[in-house]
Structures are given as structure tokens and as C-alpha cells.
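Chain and residue survey
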Amino acid sequence: MGREYTRARQRVGALPETKVRLRSMFVFKKEQQTFEFGGVTIGGQPGQNPTVLIGGLFFQTQPIVKSAKEGTFDQEMAKQWIGTASMMVEKTGHPLIIQAFGRTPEAMEKHLSWLADNFDGPFMFESTSGDARKKAIQYCAETGLAKRAIYNSINLSMKDDEKELLRGSPLKMAVVLGWSPKATSLPDRMETIRAMIEEAKAIGIEKMVVDPATMPVGAGYGLEYRTMLAIKSELGLPTCLGPHNAPSAWKFIKQSGLDDEITQTSAIVASTVAAQLFATDCIMYGSMARTKQVFTAVALIANAMASAVAEAQQALGLNQPIFEPPSFE
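Residues numbered from 1 in each chain as written. Predicted model: local features only at pLDDT ≥ 70, side-chain atom pairs only at ≥ 80, totals over all residues. Heavy atoms only, no water.

Quick notes on the overall build of the protein chain
Note the threshold: By definition, any uninterrupted DSSP run of H or I lasting at least four residues is a helix, any uninterrupted run of E lasting at least two residues is a strand, and each is numbered from the N terminus. The globule rule is 2.2 Å times the number of residues to the power 0.38, and the radius of gyration it is compared with is taken over C-alpha atoms. We call a residue buried when its accessible area falls under 20% of the maximum for its residue type, exposed when it is over 50%, and partly exposed in between, using a 1.4 Å probe and counting protein chains only. Residues are treated as being in contact if the distance between any of their heavy atoms lies within 4.5 Å. To measure how exposed things are, a 1.4 Å probe is used in the Shrake-Rupley method; for residues, cover is taken only from the protein chains shown. All tallies of charge rest on Lys and Arg as positive and Asp and Glu as negative; His and the ends of each chain are not included. Lys charges are placed at NZ, Arg charges at CZ, Asp charges at CG and Glu charges at CD.
Scanning the protein chain from N- to C-terminus turns up 10 helices and 12 strands. Relative to the globule expectation of 20 Å for 329 residues, the C-alpha radius of gyration of the protein chain, 20 Å, shows essentially globular dimensions. The dimensions of the protein chain, computed from C-alpha atoms along their principal axes, are 65 × 40 × 40 Å. Burial analysis of the protein chain (329 residues in total) assigns 53% to the buried set. Across the protein chain, the fraction of contacts at a sequence separation of at least 24, relative to all contacts at a separation of at least 6, is 74%. Surface summary for the protein chain: the accessible area is close to 14900 Å², and the carbon and sulfur share equals 52%. The averaged location of the 34 negative side-chain charges in the protein chain is 3 Å from the averaged location of its 35 positive side-chain charges.

Section: the packing of helix H5 (residues 160-167) against helix H6 (residues 186-203)
What counts, and what does not: To get an axis, a line is fitted to the C-alpha atoms, and for a helix only the part in contact is used. The angle between two axes follows their N-to-C directions and goes from 0 to 180 degrees. Angular relationships are summarised with four words: roughly parallel below 35 degrees, roughly antiparallel beyond 145, roughly perpendicular across 65 to 115, and oblique for the angles in between. Charged residues are taken to be Asp, Glu, Lys and Arg, nonpolar residues to be Ala, Val, Leu, Ile, Met, Phe, Trp, Tyr, Cys and Pro, and polar residues to be all remaining types, Gly included.
At a minimum axis separation of 8 Å, H5 and H6 run at an interaxial angle of 55 degrees. It follows that H5 is oblique to H6 by the angle criterion. Residues Lys163, Leu166 and Arg167 of H5 form the contact with H6, whose participating residues are Glu199, Ala202 and Ile203. Within the contact of H5 with H6, the residues separate by chemical class into 3 nonpolar, no polar and 3 charged.

Points about empty space enclosed by the protein
Applicable threshold: In this analysis, the protein atoms alone were mapped onto a 1 Å grid. Cavities are point sets where a 1.4 Å probe fits without being able to get out; pockets are open sets with protein on both sides within 12 Å along at least five of seven lines; lining residues have an atom within 4 Å of a point. Grid points are joined across faces, edges and corners, and a volume is the space filled by probe spheres set on the points.
Taken as a whole and assessed by the stated rule, the structure comprises 1 cavity of 30 Å³ or more. If you add up the space inside the largest cavity, you get close to 190 Å³. Lining the largest cavity are 21 residues, and of these Pro46, Gly47, Asn49, Thr51 and Met305 sit closest to its centre. Broken down by secondary-structure element, the contributors of at least two residues to the lining of the largest cavity are strand E2 (40-43) and helix H10 (291-316). Across the lining of the largest cavity, the residue classes tally to 8 nonpolar, 11 polar and 2 charged.

Quick look at the sheet that holds strand E7 (residues 123-126)
The criterion, for reference: When DSSP locates at least two bridges between a pair of strands, those strands are taken to pair.
If you trace the 8 strands from one edge of the open sheet to the other, you get E10-E9-E8-E7-E6-E3-E12-E11, paired in parallel fashion. Both edges of this open sheet fall to strand E10 (207-211) and strand E11 (240-241), since each of them pairs with a single strand only. The strands that helix H4 (residues 130-143) touches are E7 and strand E8 (149-154); relative to E7, the one it contacts most, it runs at about 145 degrees.

Comments concerning the pattern of salt bridges
This is how it is decided: We define a salt bridge as a side-chain nitrogen of Lys or Arg found within 4 Å of a carboxyl oxygen belonging to Asp or Glu.
Overall, the coordinates contain 11 salt bridges when judged by the stated rule. Here Lys163 makes a salt bridge to Glu199, at a shortest N to O gap of 3.2 Å. Here Lys163, found in helix H5, pairs with Glu199, found in helix H6; they are 36 residues apart in sequence, far enough to count as distant. The exposure class assigned to Lys163 is buried, which follows from its relative accessible area of 16%. Among the residues examined, Glu199 registers a relative accessible area of 24% and is labelled partly exposed. Among the ionic pairs, Asp281 bridges to Lys232, the shortest N-O distance being 2.9 Å. Placement of Asp281 in the loop between helix H9 (261-277) and strand E12 (282-287) and of Lys232 in helix H7 (residues 223-235) is noted, with a sequence separation of 49 residues between them.

A word on H5
Put simply, the rule is: Working definition: the arc comes from the directions between the helix axis and the C-beta atoms, pointing outward to the latter.
For H5, every residue scored as buried is listed here: Glu162, Lys163 and Leu166. When H5 is viewed along its axis, its buried side chains cluster within an angular range of 105 degrees and face the same direction. Where H5 is buried, its residues contact H4, E8 and H6.

Brief notes about the confidence of the model for the protein chain
Which entries qualify depends on this criterion: Every residue carries a pLDDT, the predictor's confidence in it, which falls somewhere between 0 and 100.
In this model, the protein chain carries a mean pLDDT of 93, and residues with pLDDT of at least 70 account for 92%. Segment residues 1-5: pLDDT under 50, and 28 contacts once partners within four positions in sequence are set aside and those in other chains are kept. Across residues 11-22, where pLDDT falls below 50, the model places 15 contacts with residues more than four positions away in sequence or in other chains.

Structural notes on the environment of Ser233
Where we set the bar: Distance and chemistry together define a polar contact, namely a pair of N or O atoms within 3.5 Å, with one atom able to donate a hydrogen and the other to accept it when in protein, and with adjacent residues in sequence counting only for side-chain atoms on both sides.
Its place among the elements puts Ser233 in helix H7. Each C-alpha atom of the pair Ser233 and Leu258 lies 38 Å from the other, and the pair is 25 residues apart in sequence. With residues up to four places along the chain from it excluded, the contact list for Ser233 reads Phe28 and Lys30. A polar contact of 2.9 Å, which involves the side chain of Ser233, links it to the backbone oxygen of Leu229. At 3.4 Å, the side chain of Ser233 forms a polar contact with the backbone oxygen of Ala230.

Digging into the side chain of Asn49
Along the polypeptide, Asn49 turns up in the loop between E2 and strand E3 (52-57). There is a polar contact of 3.0 Å between the side chain of Asn49 and the backbone oxygen of Gly43.

Quick notes on the pairing of strand E1 (residues 34-37)
Burial along E1 is one-sided: the face carrying Phe35 and Phe37 is buried and the face carrying Thr34 and Glu36 is not. Sheet topology places E1 next to E2; 4 bridges connect them, and they run antiparallel. Along E2, the bridge assignment pairs Phe37 with Val40. Turn length for the E1-E2 hairpin, with the two strands adjacent in sequence and antiparallel, is 2 residues, and the turn residue Gly38 shows positive phi of about 55 degrees.

So, in C-alpha cells, the structure goes:
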């Protein structure tokens, strides 16, 4: 992680002198911050650290779920998914964070308890239920999981009682969601993001990743990628995105003939690598059922980025660390 990509530099070789020196999409002038989340480093210049992949577990539509309300699930299948993900982490060098969903407080506690025993990396928790999220905050605080737990997310709809509970807890890592229904342009989106960052700091969050939110296709999809570059270039903060939400709701691939699993997965993989190329530091890819496909695609693009970053740095006279993908050969 963060090593010099010497072989890429050697392939680039000496470059001819040019009169114009340009910063590229692979190098930001703004100093880039990195934070460690439960042993996983997130942030930095593009290509400096491996893209972190965030796999979803316990979501209601997944085949492992038996009762979303009670928090019962197929534990053997869940172990298989985590095992596959661990194998892909080893093969590709891309770290994993697991995103645990809990529909109810009961389900949330069961999911986090099981996950803590079967996965030793960092995890996010989320729910559409405020009570379930508050249960997660309390459970992580009481069981010593706070150093591995990432709250998802600090956002405009967050209630005061949940803010107070989080502020008084040992949880100091969170996703900051920079979305507002009124923020339909880049300046508006950045204004929202800055406001939510200040809110997160006021709550006591010390380590954050900024998520500009993925919009549906035809309703703003794409602005998040432009916003991602603005976050990196203006704020220098680690970034996060759930690009799978766009193809998951895309009517085009729900029509007959395109509604098969392979086509659905290909669109999700495409959205993931698009986010990767737009300097997203950690990416939510949805269900862990598609872990192998996503990790493989991201590993391919990591090799391309390493070569491109090496060339860009040489053109600019820089010598910064570059992640060396173990999938190089």
C-alpha cells in the first residue's frame, strides 16, 4: 500500500521536454488528507492508496436474509461471502469494509454481534430506522467496537436525539452525506457538503469520508462525479460514493431482455469503476454477492491508474507514493 510503482515508472521512460506543464486528473494541487478507519487507510492522491471497497450485508433483498425484522439470516452463506471477499482482498490488495444493514433495533444488534465475531475489519452500519441506528451506536459503544464502526451517515435529516447520542459516544468515524433536494448544481452541492462537514465536526466526528450522493439516471446522475473532483480539489478530504444505486434503480435494465443478473451486474460494475476513475477513495458496491466481479474490475483499473499516475508524476516532476497492485502480473 502506498509503495513506489517502479515498474510503471520504468515503462514510462524518459519523456520529451514540453513547454506546457499541466496538472492532470491524476494529481490534485490541494494537499490530500488520509484517515485510518479500523486499520484501513482511506484518502490521498489518486493512485496513492488502493481504492477501498464497501460490500453490503443483511439487506432485505439479499438471499441470505430470512427475516429482516428479526435479524435472522443464512449464516453459512454470509460466511462464504466474507470468505470470498477476504480472498479477493488478498489477491487484489484492495481493502474491504462491510456495510451492515439492520431494519430494526433487534436485527441491528444481531447483525453487528455476528459480524464482530466473523469479520475483523472495519464496518459501517446503516438503517432507514432511527431507532436501529441508535441501537447500533449504543451497542458499539458498550461492546468496544467503536474503533471499527463507521456511522452512515451524517445528513440533513438527522434528528437531534441521534446527534446527541452520537456526540456522547466513543464513535468518531462517519460518512458525511452532502445531499439536499435543493442542491441541483455543483455550487449548491458543495455548499451543502461544507455545511454537513461542520455539522459532523460539531457532533465530534474526527475521521470522515464525504459522499456527494448518487442520483438516479435521468435525475442528476453524473453530478456526483463532478462533485467528487471538487471535493478532492477544494477540500482535500477522503471521498465515498454508492454508485450502484444508479443502475439498481435504472428502468432501462428492468425491461424484458435486459433484466437478467449478468446485465444487472455489468451495469453495477461499470458504475463502480467510473467512480474509481473519478477519484473516489472508497466505493459502496451493494450486495456482497457480486464481490468477485467488482474486485476484479477495480483491480484492472488500479493497474491502469498506476501507470497513468506514474506518467503524470514524471511529467510534473513529482515523486509521490503509488499503490502497486499485486495483480500486476
